[in-house]
2 protein chains.
Amino acid sequence: MRIAVAIYEDFTALDVIGPYEVLAGLPDVELDFLATSAGPIRSDNGLIVTPTATPESLPDPDIMLIGGSSKPFGPLQDEALLAWVRQASDSATWMASVCTGALVYGAAGVIKGRKATTHWAAREALPAMGVEMSTDRVVFDGNFVSGAGVSAGIDMALSLAARIYGDETAKAVQLAIEYDPQPPFDSGSPEKAGPETMQLVMEMFAASAAAS
Amino acid sequence: MRIAVAIYEDFTALDVIGPYEVLAGLPDVELDFLATSAGPIRSDNGLIVTPTATPESLPDPDIMLIGGSSKPFGPLQDEALLAWVRQASDSATWMASVCTGALVYGAAGVIKGRKATTHWAAREALPAMGVEMSTDRVVFDGNFVSGAGVSAGIDMALSLAARIYGDETAKAVQLAIEYDPQPPFDSGSPEKAGPETMQLVMEMFAASAAAS
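None of the values given here were measured: they were computed from a predicted structure.

For the rest of this paragraph, the subject is the environment of Gly130(A). Residues and elements named next belong to chain A. Mapped onto the elements, Gly 130 comes out in the loop between α5 (125–128) and β8 (132–133). A relative accessible area of 37% places Gly 130 in the partly exposed class. It is 32 Å that separates the C-alpha atoms of Gly 130 and Gly 166, two residues lying 36 residues apart in sequence.

Right, here's the structure in full:
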């Protein structure tokens, strides 16, 4: 099972590292971080990662995974990335996204008419791309599976692992990464967070955008 | 707020990337990945990260964070790492660990008599180091906070963020990373997983150890 995790300048690290840790724990998996540019790639919060594959070296993975970014527009204009997405999606058994990674598939035109979820702040972008928007945390539509924002990639990848390897193996991976979440607050979605937390997070997003 | 996330050969990526994504989202934070060796560091599942700090460049962070490894003994014998842990813990406001990262503090001798949690498979190592073992997911003892295995780092870091910045800010970060976990199974701890899943995960650990 060859897995390509696409990364690009300003990717959000947890979007892809959650699923990577789940999928890399599965039997007979070969996992690469793929980028269209040479040299290390910097995440939006400063993690510097050296890619291990290029579109030329990995044109036809069995599973392709694309995460999102707090600066989601960059990858949507990256023609080399979109070209790889179009090519790889032709033969991939599974296409997976986390967060605004769904928009990358949308921009590549390979999920037209399908249903997808994304980060709550980016939901409106999906219908504009001809993609049906869902607010669910994990959404399967044919061979395309999407997870909501950032941390949702762990839930997405465990669900995908269950589809491919069966429930028992997925349960074992969940135990291996001790995924028995106990979030300190119940503020993880806009529906649960309430208006004050929502206002605060929008101020944080604005401050972060102004600083960059 | 200067944060040092220590990484070392064969570190488990999600252990540190969970907390990194939480802490990097806080106001006025400068976060570095610190290593005692030069050049890129390879995680146990193949993520290649370039460190941005050394013990010399960051001897006195405000927060120090150490994650674990599926090969936990390596860092316990890394004298340069242990020396930095001893030095940095002298002045750090917070010492944080995830997974077998607690064992690194234990080996450095800086949490003697304190209470800590770690990955379920490594619990027995703590008493042997003079550290009181807890099976809780997140444990505070003075200025030392520990999280259980791998994914527990997200819960740990949100709890720590709440202590430092207050609940409202931590709630906003939780919303920013859409941390509204919906694990597909209830198998995330040995207590919940049952004997069959437990046996399967032990076989996976053995196969992974044999392959490496």
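Next comes the rest of the write-up.
A few words now on the sheet that holds strand β5 (residues 63–66) of chain B. Residues and elements named next belong to chain B. A sheet is described by the order of its strands in space; here six strands give the open sequence β2-β1-β5-β6-β10-β9, paired in mixed fashion. The sheet is open, and its two borders are formed by β2 (30–34) and β9 (138–141), each paired with just one other strand. Neighbour-to-neighbour, the strand axes of this sheet turn through a mean angle of 15°, independent of strand direction. This element, helix α3 (residues 79–91), spans β1 (2–6), β2, β5 and β6 (94–98) of the sheet and lies at about 150° to β5.

This part is about the nonpolar core. The biggest cluster of nonpolar side chains holds 150 residues, and the ones touching the most others in it are Val85(A) and Val85(B). Dropping the residues within four chain positions of it, Val85(A) is found in contact with Met64(A), Ile66(A), Val104(A), Tyr105(A), Ala108(A) and Val110(A).

Right, let's talk about the relation of the copies chain A and chain B for a bit. Look at the two chain copies: a rotation about an axis and a shift along it is all it takes to match them. Structural alignment of chain A on chain B gives an RMSD of 0.0 Å, achieved by rotating through 180° and translating 0.0 Å along the axis. Here the symmetry operator amounts to a two-fold rotation axis. Ranked by how close their C-alpha atoms come to the rotation axis, the residues of chain A are headed by Val49(A), at 2.3 Å. Most of the interface of chain A is mirrored in chain B, where 100% of its interface residues are also at the interface.

Put simply, chain A has an average pLDDT of 96, and 100% of its residues get 70 or more. Both confidence scores are given for the complex: pTM 0.97, ipTM 0.96.

Non-glycine residue Asp10(A) carries a positive phi angle of around 70°. Here Asp10(A) is to be found in the loop between β1 (2–6) and α1 (13–24).

The next subject is the pattern of salt bridges. Residue and element names in this part refer to chain B. Per the counting criterion, the structure on display carries 16 salt bridges over all chains. Asp 186 is paired through a salt bridge with Lys 192; the nearest N and O atoms lie 4.0 Å apart. Using a relative accessible area of 42% as the deciding quantity, one classes Lys 192 as partly exposed.

All names here are of chain A. Overall, mixed pairing links the six strands, which are arranged β2-β1-β5-β6-β10-β9 in an open sheet. Each of the sheet's edge strands pairs with one partner strand only, and the pair in question is β2 (30–34) and β9 (138–141). With strand direction ignored, the average angle separating the axes of adjacent strands in the sheet is 15°. Where strand β5 (residues 63–66) meets strand β6 (residues 94–98), four bridges bridge the pair, whose relative direction is parallel. Looking at β6, one finds that Ile 66 is bridged to Ser 97. The sheet strands contacting α1 are β1, β2, β5 and β6, and the helix crosses β2 at an angle near 165°. Sheet strands in contact with helix α6 (residues 152–165) are β5, β6, β9 and β10 (144–147), and its direction is about 165° off that of β6.

Parameters and conventions
- Residues numbered from 1 in each chain as written.
- Chains lettered and ligands numbered in written order.
- Predicted model: local features only at pLDDT ≥ 70, side-chain atom pairs only at ≥ 80, totals over all residues.
- Heavy atoms only, no water.
- Helix = DSSP H or I, 4+ residues; strand = E, 2+ residues; numbered from the N terminus.
- Buried < 20%, exposed > 50% of the residue type's maximum accessible area, 1.4 Å probe, protein only.
- Pairing = 2+ DSSP bridges.
- Axes fitted to C-alpha atoms, helices over the stretch in contact; angles between N-to-C directions.
- Contact = heavy atoms within 4.5 Å.
- Core = buried A, V, L, I, M, F, W, Y, C linked by side-chain atoms within 4.5 Å.
- Least-squares fit on C-alpha atoms with pLDDT ≥ 70 in both.
- pLDDT = per-residue confidence, 0-100.
- Salt bridge = Lys/Arg side-chain N within 4 Å of Asp/Glu carboxyl O.

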